[in-house]
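Per-entry structural report
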Amino acid sequence: MAAGIDNLAQKGNYNFEFMMNNTRVVIIKSKTALAANGLPDPASVLRIFRKGVEILTGSSRPEDGLSQIFTSQDNIGIKINTIGRRAISTYPETAVTLGLWLAKTFGHEDKITIWDRTNEELKDAGYKLSTSAGSLRIFGTDSRGFGYASEPVINRSVASLFSKIQTELVEASISLALLKDHGLAGITGGMKNYFGVIHNPNKYHETNCNPYVADLFEMDLIRKKHRLTILDALRVQYHRGPSYHPQWNEKCNQMIFGFDPVAVDTVGWKIIEGLRAKKGLPSLEEENREPAYLKTAENLDLGQARLENIEIIEEEV
Amino acid sequence: MDRRKFIKSAVAGSSWLLASNHLKGVLPLQAAAARPAASGLSRVEARYYDKLPDREIKCRLCPRFCRLGDKERGFCGVRENRDGKYYTLVYGQVASYNLDPIEKKPLFHFLPGSTAFSIATAGCNVACKFCQNWEISQMRPEQVKSRYLPPDSVAEAAAKYNCPIVSYTYSEPVIFYEFMYDTSLEARRKRLRNAVISNGFINPEPLTELIKVVETIKIDLKAFNQDFYTNYVHGELKPVLESIKQIARSKVWLEIVYLVIPTLNDRPEEIRQMARWLKAEIGPEYPLHFTRFQPMYLIKNLPPTPVSTLEKLRQLAMEEGLHYVYLGNVPGHPAENTYCPNCGQMLIERYGYTIKKINMSGNKCRFCHQIIPGVWS
């Protein structure tokens, strides 16, 4: 069993207070982020990650910034979303690049786990599964020895069994999801990505996924382990998401970084609204599916849902 | 069937219960061994859905009307849109099967003493906080162990074990509608009956078709107010009431169960309203079972229902004119028995799921010859 939740905040030297009160959201753009084949270019993606963490933490070196967020002792989980298969899942070129950078910085590849619900979905999204000692671990909750905890955890409207990867292995979590329009939630971003941690997300899609996204995130098993949100907006599905529809999928060449999960998703929402307006589509509000969970999350003190309270920094690499 | 044979079969029915505890996983079903599903998920096209533009679909099976994009699943967790086509993932994927006395369902006026070959898949279209089978009903199919048991194998197994009934139960059979429907046809070919144990949260069109192929449906009426359905069931009351009316209008035998949860759905006035509604809409003849709550799943902070509460509610329902009102989960209570509404004599004596004595001649009271509604042979 990994360290208890209550001990996490005391473990290591990372700057917990700094992270908790930081509503800075950093957008890093790169014209070379997508290779000619349309997939992320790992070298460019690494430059984006380094610059994003550097600015977010205010460090002179990106690796020093990482050390403000994690310690070398942390078992770091990179929660990705692979429901959309190869076309519209968190890309291996992105997640593995991040994992390798973390491993290089902290010296332990096998303390970094890239994960989602099932091995089948991971494979369909292009991942090569790995549980070998000394290398990045990439596997799903349905892997032998994991599965779901046997007793439901309850918070407000949500009652769910949690993946044992989240409860027993991961001590510090990064939400690394694609930014997408979502027919019910409005958008799917860093917060809704954690639907993949529980056994019954299908029960929480009504009423625009509200208040479920916020109620789930508020649970200690997520909130106290979550350290960083990175939204992949290299390509953005701005309409008819979360499924892949090439006619509404736009190259945006940017990634969004933040400690405040609500602020990051709020910025993501505005990016999607901008794309929709540019393409002559009605706003999410006009379609009665604005991401209401953001306001709920703000009311639960999970972060900032008002743009005027968010410090947005944009930079290009 | 004469009375002696009837009682003999009832006793035999009880003995199946003992045997059933040893059955899980060892039932030698040839078909199950022959065709395991590679992924554990079936891929059979679902019925009752509309194809929409951009590979979206709208499910019409239950009143949720889930609208889903590609790769998304409905609320039930067992029906999935794949490239604009909707599939059931649980066709033949049996997560639980057992031999149960029909009294366990409970169905008291339907072949008493019979054994039902009972099956379920993962999934449910509601999310009751007091679910007693949540470990399969609130799961997605890949999260539970299942074995492949197609319709013909289910019917074959039921016949092999001398079960005159196939029962669709435990989770919510509406969500494995296609499997249930096809199995019912196979069961009928073998002269077996079909019993559906459901929450009644289904749309009229699929229910119309289902009624044509099954013999009895038991509906769990969870409460008689929408607030309870909103807060504890995650569903709607009105469609359930419509289902009850629709079933009562058909030739399918109907029984209703009401799980009484202390402080949540046990207000006498609500029970009185429900009894009045039942009498007005479907008549006094369909059995109503008040069953005792035990703390479980997400409601562990409430005590078991006091027997005195159950007795009081039964009295209210009978005062409103319902003829057959039973108490459940109270073994040995006199209200487990069937009494003639005309002469008051005891017609069927029960202890728990066991039939102890039957005082009926065919479908009539042995004492006053009053016809007792139900399916008796």
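Residues numbered from 1 in each chain as written. Chains lettered and ligands numbered in written order. Predicted model: local features only at pLDDT ≥ 70, side-chain atom pairs only at ≥ 80, totals over all residues. Heavy atoms only, no water.

1. Comments concerning the sheet that holds strand 2 (residues 49–51) of chain B
Spatial ordering of the open sheet is given by 2-3-4 (chain B), a layout of three strands whose pairing is antiparallel. This sheet does not close on itself; its edge strands, each paired only once, are strand 2 and strand 4 (67–68) of chain B. (Pairing = 2+ DSSP bridges. Helix = DSSP H or I, 4+ residues; strand = E, 2+ residues; numbered from the N terminus.)

2. Regarding the sheet that holds strand 5 (residues 79–82) of chain B
Residues and elements named next belong to chain B. Read from one edge of the open sheet, three strands run 1-6-5, paired in antiparallel fashion. Each having just a single partner strand, strand 1 (44–45) and strand 5 make up the two edges of the open sheet. By the bridge criterion, two bridges tie strand 1 to strand 6 (residues 85–88) in an arrangement that is antiparallel. Bridging from a neighbouring strand, V44 pairs with T88 of strand 6.

3. Topic: the nonpolar core
Counting residues in each nonpolar core, the largest one holds 162 residues, and the members touching the most others are I256 of chain A together with L221, I244 and F290 of chain B. Per element, the largest residue contribution to this core is eight residues, and it comes from helix 10 (residues 261–278) of chain A. Looking at which domains feed residues into this core, each of domain 1 (3–24 + 92–365) and domain 2 (44–88) of chain B supplies at least three. Setting aside residues up to four positions removed in sequence, I256 of chain A forms contacts with V25, V26, I27, L179, T229, I230, L231, A233, V264, V267, G268 and I271 of chain A. Of all hydrophobic cores here, the second largest spans 38 residues; its members include L56, L66, A95 and I230 of chain A. (Core = buried A, V, L, I, M, F, W, Y, C linked by side-chain atoms within 4.5 Å. Buried < 20%, exposed > 50% of the residue type's maximum accessible area, 1.4 Å probe, protein only. Domains from an automatic or database assignment. Contact = heavy atoms within 4.5 Å.)

4. Here we look at the packing of aromatic side chains
Under the defined criterion, the tally for this structure stands at 18 aromatic pairs over all chains. Ring geometry for W134 of chain B against Y297 of chain B: centres 4.7 Å apart, planes inclined by 15°, an arrangement best described as stacked. Of this pair, W134 of chain B sits in helix 3 (residues 134–137) while Y297 of chain B sits in the loop between strand 15 (288–292) and helix 10 (307–319); the two residues are 163 residues apart in sequence, bridging distant segments of the chain. For Y297 of chain B, a relative accessible area of 9% gives the class buried. For the pair F176 of chain B and F179 of chain B, a centre-to-centre distance of 6.0 Å together with 50° between the ring planes defines the contact as tilted. With respect to burial, F176 of chain B and F179 of chain B carry one shared label: buried. Taking the ring centre of W115 of chain A as reference, the NZ or CZ of K79 of chain A above it sits at 6.0 Å. The residue whose ring lies beneath R350 of chain B is F108 of chain B, and the NZ or CZ to ring-centre distance is 3.9 Å. (Phe/Tyr/Trp six-rings, centres within 6.5 Å; stacked < 30°, edge-to-face > 60°. Lys NZ or Arg CZ within 6 Å of the ring centre and 35° of its normal.)

5. So, helix 4 (residues 151–160) of chain B
Buried within helix 4 of chain B are the following residues: P151, S153, V154, A155, A157 and A158 of chain B. Just beyond helix 4 of chain B, the residue with positive phi is N162 of chain B, at close to 55°.

6. Describing the side chain of N210 of chain A
Position of N210 of chain A relative to the elements: it lies in the loop between strand 8 (186–188) and helix 8 (212–218). Setting aside residues no more than four positions away along its own chain, N210 of chain A makes contact with A292, Y293 and T296 of chain A.

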